[in-house]
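Listed below are the residues making up each chain.
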Amino acid sequence: MYESLINDKTLHCEYLKHLFDLIEQIIKLHPMKFPFNKFSFNIDQQGLEYFEILEILGLASKKVKENLRIEIIENALAQRKFSYFVGFNTDDIKEIYNIGFEVAFDYLGVGNNS
């Protein structure tokens with residue numbers, strides 16, 4: 001199911017919007033636990049290929065941005081904008097940081113690009 005979700009741009013975007021709503025609700029229910037605890041959300045390179053993802057991340061509230069860490073993982077892409085050998089999509093990673101999210105790399109050194 002997850003693979004079909006990430007390979008469909010519309011479903012992937014709807015999933016992110018729903019995730020932000022859930023995070024807002026959890027923070028409201030348990031305000032004393034935040035910002036000491038953070039949520040982490042993995043985005044693989046396929047997700048970075050959808051320009052709409054950056055737009056949706058930009059719509060996240062300040063509370064969500066403060067409490068959600070975006071982790072970049074090294075899954076293989078189903079569809080690419082660029083050749084595999086062009087490299088990692090560093091521009092979008094920088095943009096995620098500039099939008100206001102903490103960015104981390106998950107499984108660094110053990111994925112497809114290592």
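Heads up: the structure comes first, above all this text.
What counts, and at which threshold
- Residues numbered from 1 in each chain as written.
- Predicted model: local features only at pLDDT ≥ 70, side-chain atom pairs only at ≥ 80, totals over all residues.
- Heavy atoms only, no water.
- Helix = DSSP H or I, 4+ residues; strand = E, 2+ residues; numbered from the N terminus.
- Buried < 20%, exposed > 50% of the residue type's maximum accessible area, 1.4 Å probe, protein only.
- Contact = heavy atoms within 4.5 Å.
- Areas by Shrake-Rupley, 256 points an atom, 1.4 Å probe, with all protein chains shown as cover.
- Salt bridge = Lys/Arg side-chain N within 4 Å of Asp/Glu carboxyl O.
- Arc of directions from axis to C-beta.

S.K.: Tell me about the overall build of the chain, and please be specific about residues and values.
M.R.: Each helix and strand counted, the chain has six helices and three strands in total. Ordered by position in the sequence, the α and β elements of the chain form the string α-α-β-α-α-α-β-α-β. Evaluated residue by residue, the chain yields a buried proportion of 37% over its 114 residues. When contacts within the chain are restricted to residue pairs at least 6 apart in sequence, those whose partners lie at least 24 apart make up 85%. Summed over its atoms, the accessible surface of the chain is roughly 7200 Å², and 57% of this surface lies on carbon and sulfur atoms.

S.K.: Please set out the pattern of salt bridges residue by residue, giving values where relevant.
M.R.: Within the structure shown, the criterion is met by four salt bridges. A salt bridge links lysine 38 to glutamate 102, with the nearest nitrogen and oxygen atoms 2.9 Å apart. Of this pair, lysine 38 sits in the loop between α2 (9–29) and β1 (39–44) while glutamate 102 sits in strand β3 (residues 102–105); the two residues are 64 residues apart in sequence, bridging distant segments of the chain. Where arginine 69 meets glutamate 102, a salt bridge forms, and the shortest distance between an N and an O atom there is 2.7 Å. Of the two residues, arginine 69 is situated in strand β2 (residues 68–73) and glutamate 102 in strand β3; the sequence distance between them amounts to 33 residues. We classify arginine 69 as partly exposed; its relative accessible area is 22%. When salt bridges with common partners are traced through the structure, they connect Lys38, Arg69 and Glu102 into a single cluster.

S.K.: Lay out helix α6 (residues 90–99) with the relevant residues and their values.
M.R.: When α6 is considered as a whole, its buried residues turn out to be Asp92, Ile93, Ile96 and Ile99. End-on, the buried residues of α6 take up no more than an arc of 120°, which puts them together on one face. Summarising the geometry of α6, the exposed residues directed more than 90 degrees from the buried face are Asp91, Lys94, Tyr97 and Asn98. Packing partners of the buried residues in α6 comprise α3 (45–48), α4 (51–59), α5 (62–67), β2 and β3.

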